[in-house]
Structure formats: structure tokens, C-alpha cells
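Examination of the molecular architecture
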Protein chains: 2
Amino acid sequence: MSEGVEWALHSCLNLTWLPSGTAVPAAKLAAFYGLPAAYLNKQLQALARAGIVMSTPGPRGGFQLARSPERITLLDVVVAIEGPDEAFRCEQLLKRGPGADPEVDYRQACLVSRAMRRADLAWRRELAEQTLADLKDQVERQYPATPGNTVNRFTALRA
Amino acid sequence: MSEGVEWALHSCLNLTWLPSGTAVPAAKLAAFYGLPAAYLNKQLQALARAGIVMSTPGPRGGFQLARSPERITLLDVVVAIEGPDEAFRCEQLLKRGPGADPEVDYRQACLVSRAMRRADLAWRRELAEQTLADLKDQVERQYPATPGNTVNRFTALRA
DNA sequence: GTCTAATTACTCGGATACGCACTGTCCGAGTAGAAGTGG
DNA sequence: CCACTTCTACTCGGACAGTGCGTATCCGAGTAATTAGAC
């Protein structure tokens, strides 16, 4: 899996703690973890295309969450970065084997493909059941200082 | 995910239908689906290293399942080809952020990492619950001609 | 002091190189069977 | 006819190139705030 997923998840989580209406430039989100700003910007663009964050150009511009954290699942973020394709892509080997029917779509008929798809769905279900708000609450419960520290750090970077 | 996983699964399933004790060379397993023989051989080597198949060199040699299909899960095959690492690898971003504790292992502490690991475990559980024997039975139930056709095809390739 | 207009600085966005892992290929070590030979 | 030796052909196994995608970077289009100036 692409490394950008981790960056996107942590950045979105950080955006959760900022007062709504304020945009954060990619450079500051990157500086928070010492990441290459231009490359993180690329990932944020993907999130913007997926409608997870919205971008505003110009001074005082940047990124902010496009909707409330309760309506953003971890699956949304992963799909935005990694793309919608499932990890196991059936190349329809059976179509190249003996006794193959050219009319059949073996992505549906092949039982190997089905078994792998079942596992993929279990993975996706688990990711879809966790929202950014859930994660945010868990962090705040376990590390109560995090929200304040995060905001302070970003305002410090603003200087 | 690597394409070799699909090849390995289908090849292992084909091996299920051959009488035990008979070895099949990689060239014939590859010819079954029109795959590049040398590259499939590479994947079979990985399966051999994992103890899923056993190889015998020389004439009349080849590959055969190292244990009964009931004791080979889909996860075993996937891990043998893809390696044991989970898809989402936590780079411990928090260690590079403000307020990081150098002593903490953030692969355990980071809640993002935990959420992703939970999804990964769900995926692995689903794969571990399906054995090659299960798949074999499903195929035989749905396509009763497959076992005979497979054996015939391999003996035909032997000519 | 206030309105207007030009300027400036800042941001995203897409177009452009680089590196690594997956893909694909090749040849050599080793072995089992076949063939040949002598008893 | 049988046992032994030699030879051949076949198999895996690891070492060697090619290619696509993830990684990383840079510069230009566009915008909002700022500043200067005129009224």
C-alpha cells in the first residue's frame, strides 16, 4: 500500500482539531511531520478530487475538511489515495485455460476470485465502520493534550 | 497485490486434483494457462520455501502439494508469495511530530496504525478460514467435470 | 479619511525526472532414468 | 539373463535484464490581501 495513505490519514486527523473555516496550507501540514511539502500536496489534491477536503488558493488559503468528520470513513481516505480497485485483481486465468467459455465473466464465476473478493470486502467493511470522528474521540480520550498541542503547533508554524 | 498470487492459487488448486505422489513440472503447470514457465517456476519456488509444495528435481520430477489441502489455507499461499508484511506499514509518523517520545513504539501506540491493523486482521482471518480443500469442494460441486478435465489435460501435455 | 486600483506575495495544480520492486528471462547444478557393456 | 557403468535428458534453483508505478520535485495560473495614491 502507498505510503501516502498514512500521511493522508494523519493530516486529516490533524485538520479535525482546527476550528472549522480555517484553511491550512500543505506546507504547514507537511512541516508538522517533516514531510516533503510538494508530495504531500499531491496527496491532498487526491483527497480534494474525492471531495474529502476542499482547497482554497491564495494567501490565507490551504486545505480544510469538506464535511464533518462523522461523515468521513477511513475507507473514504484509503480509496481516495489508493484508487477504487481491489488489491487482488482477477486476470481471468480460467479464460486462458482449457474448456474456457469466452462469454463468461470469470471475475464473477471464478471461485478463487470470489474467495479473494470476500476477504477484500471484510477489509473494506472494517475500514468503512471507522470514521475520522471515531478516531478523533479515541485520541482525545487517550491523549487529552493532543488537540491543544496540535492547534498550538500550527499557530506556531504560522509565525 | 502481486499477480503471482493468482497464478499460485490456481496452480495449487490444479495440483489438488492430481493423484498424490505424482509431481508436475512447472512447465506443464504454466502451459495449462499459457503462462511464462520460468516466472511461474519462481513463484513455485516461493511456495516450496514456505513448505506448501515440495519439489523433486530430475526426470519425472516437478512440484506436488507438501501436505493435504485441508491443511493449506488461502492465507498460507498469499503470505508465501507476498511476504508476511501487512499492506499498511506504519512509518511511525508520530515519532517525527511534536511531543514525540523516542521510547514509544508507535506501531503499537498510534491509533491510526491500530485501526489499519484491525482491518488487515479481518482480511487475514477471512483468508485463513478458507482452505484449498474448501475451494476444491466448491468447484467440484459447481463444475463436476473439472477434476477429470484437469487430469486429462495434464496427461495430454505429458505426451 | 475613504474609495479605488495596481502590486505583491502566497496558494494550489498539473507537468516533469528519479528509483525501486514486480515482471520476465536465462543458464548452470543435480538427479533419475535409459542405454550400453561385460560377465 | 543380470549387474554395473556411462551417458543422456530433464528438472529445479538462483543469478541476470526490462518495465511500470510510487516517490519526489519544480514551476506556472490564479487569488486574496496589502499598499499606494487620488479624491
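Residues numbered from 1 in each chain as written. Chains lettered and ligands numbered in written order. Predicted model: local features only at pLDDT ≥ 70, side-chain atom pairs only at ≥ 80, totals over all residues. Heavy atoms only, no water.

**With respect to the interface of chain B and chain A**
- Of the residues lining the interface, 45 residues belong to chain B; the matching set on chain A comes to 45 residues.
- Both faces considered, chain B and chain A share a buried interface measuring about 4,100 Å² in area, 70% of it formed by carbon and sulfur atoms.
- Run the count over chain B and chain A and you get zero salt bridges.
- At the junction of chain B and chain A, the tally comes to nine residue pairs in polar contact (both at pLDDT 80 or more).
- Elements represented by at least two residues in the side of chain B that touches chain A include exactly helix H1 (4-16), helix H2 (26-33), helix H4 (74-82), helix H6 (111-128) and helix H7 (132-142) of chain B.
- Looking at the side of chain B that touches chain A, the element that brings in the most residues is H6(B), giving eleven residues.
- Taken together, the residues of the side of chain B that touches chain A sort by class into 29 nonpolar, seven polar and nine charged. (Contact = heavy atoms within 4.5 Å. Buried area = accessible area lost by both parts, 1.4 Å probe. Salt bridge = Lys/Arg side-chain N within 4 Å of Asp/Glu carboxyl O. Polar contact = N/O pair within 3.5 Å; in protein donor to acceptor, adjacent residues only side chain to side chain. Helix = DSSP H or I, 4+ residues; strand = E, 2+ residues; numbered from the N terminus. Nonpolar A, V, L, I, M, F, W, Y, C, P; charged D, E, K, R; others polar.)

**Let's talk about empty space enclosed by the protein**
- Taken as a whole, this structure holds two cavities of 30 Å³ or more when the rule is applied.
- Taken as a whole, the largest cavity spans an internal volume of roughly 40 Å³.
- Around the largest cavity sit Met1(A), Ser2(A), Glu3(A), Glu6(A), Ala87(B), Phe88(B), Arg89(B) and Glu91(B), which together line it.
- For the lining of the largest cavity, a count of residues per class yields three nonpolar, one polar and four charged. (1 Å grid on protein atoms, 1.4 Å probe; cavity = no way out; pocket = protein on both sides within 12 Å on 5 of 7 lines; lining within 4 Å. Points joined across faces, edges and corners; volume = space filled by probe spheres on them.)

**Brief notes about the nonpolar core**
- By size, the foremost hydrophobic cluster in this structure holds 96 residues, and its most contacted members are Leu47(A) and Leu47(B).
- The leading source of residues in this core is helix H1 (residues 4-17) of chain A, at eight residues.
- Once residues within four sequence positions are removed from consideration, Leu47(B) is found in contact with Ala8(B), Cys12(B), Ile52(B), Val53(B), Val77(B), Ala80(B) and Ile81(B). (Core = buried A, V, L, I, M, F, W, Y, C linked by side-chain atoms within 4.5 Å. Buried < 20%, exposed > 50% of the residue type's maximum accessible area, 1.4 Å probe, protein only.)

**A word on the pairing of strand E1 (residues 53-56) of chain B**
- One ladder, built from four bridges, connects E1(B) with strand E2 (residues 62-65) of chain B; its direction is antiparallel. Across the sheet, residue Met54(B) finds its bridge partner in E2(B), namely Gln64(B). (Pairing = 2+ DSSP bridges.)

**Notes on the protein's contact with DNA strand C**
- Near DNA strand C lie 20 residues; those nearest to it are Gln45(A), Ser55(A), Phe63(A), Ser2(B) and Tyr39(B).
- A share of 63% of the atoms of DNA strand C within 4 Å of the protein falls on sugar and phosphate groups.
- With respect to DNA strand C, the backbone of Gly58(A) contributes an N or O atom lying 3.1 Å from a sugar or linking oxygen.
- The side chain of Tyr39(B) places a nitrogen or oxygen atom 3.0 Å from a phosphate oxygen of DNA strand C.
- Counting residues per element, the ones that place at least two in the surface near DNA strand C are helix H3 (37-49) and strand E2 (62-65) of chain A together with helix H3 (37-49) of chain B. (Near = heavy atom within 4 Å.)

**Here we look at the relation of the copies chain B and chain A**
- Least-squares fitting of chain B to chain A yields an RMSD of 0.0 Å, with the superposition described by an axial translation of 0.0 Å and a rotation of 180 degrees. Classification of the inter-copy transformation places it as that of a two-fold axis. Across chain B, the rotation axis passes nearest the C-alpha of Trp123(B), at a separation of 2.5 Å. (Least-squares fit on C-alpha atoms with pLDDT ≥ 70 in both.)

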